[in-house]
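# Analysis of the macromolecular model
Each chain, written out:
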Amino acid sequence: MRFLSIFLMSLCATMPASAAVLYVSSGNASIVQVSSAGVVSPFVTLPDTPSPHGLVFDGSGNLYAADFNTDEITRIAPDGTVSLFATLPANSQPFGLAIDRNGNLYAADSNSDHISQITPGGTVSRFATVHAPVGLAFDSNGNLYATDSGGRSQISEITPGGVVSIFANLPATGMPRGLAFDSNGNLYAAESNLDEISKVTPDGVVSVFAVLPTGSSPHGLAFDGSGNLYVADYGTDEISMVSPDGLTVSSFGTVISNPNFIAFEPVPEPASVALLCGGLVCYIAGERGRKK
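These notes cover the structure that comes with them. (Residues numbered from 1 in each chain as written. Predicted model: local features only at pLDDT ≥ 70, side-chain atom pairs only at ≥ 80, totals over all residues. Heavy atoms only, no water.)

### So, the overall build of the protein chain
For the record, the criterion: Secondary structure elements follow DSSP: runs of H or I no shorter than four residues count as helices, runs of E no shorter than two count as strands, and numbering proceeds from the N terminus. Three labels apply to residues, based on accessible area from a 1.4 Å probe with only protein chains included: buried if under 20% of the type maximum, exposed if over 50%, partly exposed otherwise in between. Residues count as neighbours in contact if any of their non-hydrogen atoms are within 4.5 Å of one another. Each accessible area is a Shrake-Rupley result for a 1.4 Å probe, and residues are judged covered by the shown protein chains and nothing else.
Tallying secondary structure elements over the protein chain gives 1 helix and 26 strands in all. Counting only residues that meet the buried cut, the protein chain has 50% of its 292 residues in that class. Here the contacts in the protein chain between residues at least 6 apart in sequence split such that 39% fall between residues at least 24 apart. As displayed, the protein chain offers around 12,700 Å² of accessible surface, 53% of which is attributable to carbon and sulfur atoms.

Now the structure itself:
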């Protein structure tokens, strides 16, 4: 077994860390795929979900999308089958989504100042009260973080028990949207009104990580396995890729109508041996993946 582990670790070290497919919710009632080469292709159109926002995958490869207009959460199975997963209270206007280690889904109800919790069975309850929440992200300890885009430009921290505190104050005019953690526990926020990405250290120190082209209006954020940060530029209809040091910003995918939030496809569920390394799972055989 020891030799198998050494072999698997060696295999992981040689695998490309950014080969996963990126999924993007767009302003034309659809979700598109962006390949590792930056090629954009349709995934699903959601006729009953005219304004998909937050995206998140569960451990089984199901993709969830928050609908800002209908107060619904849609589930898309790995084979592309679309179904209604949960209905939130009226006028919730959900933005970001996040999922905890137990499979519970969380929705940022931006208009009702709440974060809803939805069990794997679809039962909805109020988890915490947070002013105008938009972006959501979990840290490695199970604490949930939420951006406040309602004029306070803050990031709130919510413990697993639902206790809320202010984690960091962002630039006053930034209008923060999406959140994402890197592998070192630093938190990143998309400053949609400043065309910048803020970096927040684990102890709450805020700095400018990257400056995007004028008019980008960044929304969703996601990291790949190599530490590159991907940004949904709502204002320029493209996806930007930011290098790990924040110094290089390049175009990754274009011609996406008003991209909102993004999520990387998880590595396929194994039918045999797996090893976790560097935030990715490397499989030897028997992979079962998302239907392309």
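### Structural notes on the sheet that holds strand 1 (residues 22–25)
Defined as follows: Strands are labelled as partners when DSSP assigns at least two bridges between them. Here, axes are lines fitted to C-alpha atoms. For helices the fit covers the stretch in contact, and angles between N-to-C directions go from 0 to 180 degrees.
Spatially, 3-2-1-24 is the arrangement adopted by the 4 strands of the open sheet, whose pairing is antiparallel. Strands with a single pairing partner mark the edges of an open sheet, and in this sheet they are strand 3 (40–45) and strand 24 (262–264). Each neighbouring strand pair of the sheet contributes to a mean axis angle of 25°, computed without reference to strand direction. Summarising the sheet, strand 2 (residues 30–34) and strand 3 pair through 5 bridges and their orientation is antiparallel.

### Concerning the pairing of strand 9 (residues 105–109)
Burial runs high along strand 9: 5 of the 5 residues are buried. Because side chains alternate across strand 9, one face comprises the buried residues L105, A107 and D109, and the other comprises Y106 and A108, equally buried. Pairing of strand 8 (residues 94–99) with strand 9, which is carried by 4 bridges, proceeds in the antiparallel orientation. Counterpart to L97 in the pairing with strand 9 is A107. In this antiparallel pair of consecutive strands, strand 8 and strand 9, the connection spans 5 residues, and G103 shows a positive phi of 85°. Bridge count for strand 9 against strand 10 (residues 114–118) is 5 bridges, and the pairing is antiparallel. From the neighbouring strand, Y106 faces strand 10, where its bridge partner is Q117.

### Here we look at the sheet that holds strand 12 (residues 133–138)
Pairing is antiparallel in the open sheet, where 4 strands are placed in the order 12-13-14-15. Each having just a single partner strand, strand 12 and strand 15 (164–169) make up the two edges of the open sheet. Averaged over neighbouring strand pairs, the angle between their axes works out to 30° when direction is ignored.

### As for unusual backbone geometry
In this structure, S217 takes a positive phi of about 50° despite not being glycine. For S217, the position within the fold is in the loop between strand 19 (206–211) and strand 20 (218–223). The backbone phi angle of D237 is positive, close to 60°, even though this residue is not glycine. Tracing the backbone shows D237 in the loop between strand 21 (229–233) and strand 22 (238–242). Given a relative accessible area of 31%, D237 falls into the partly exposed group.

### Description of the side chain of S149
Note that S149 resides in the loop between strand 13 (144–148) and strand 14 (154–158). Not counting the four nearest positions on each side in its chain, S149 is found in contact with A132, V134, M175, P176 and R177.

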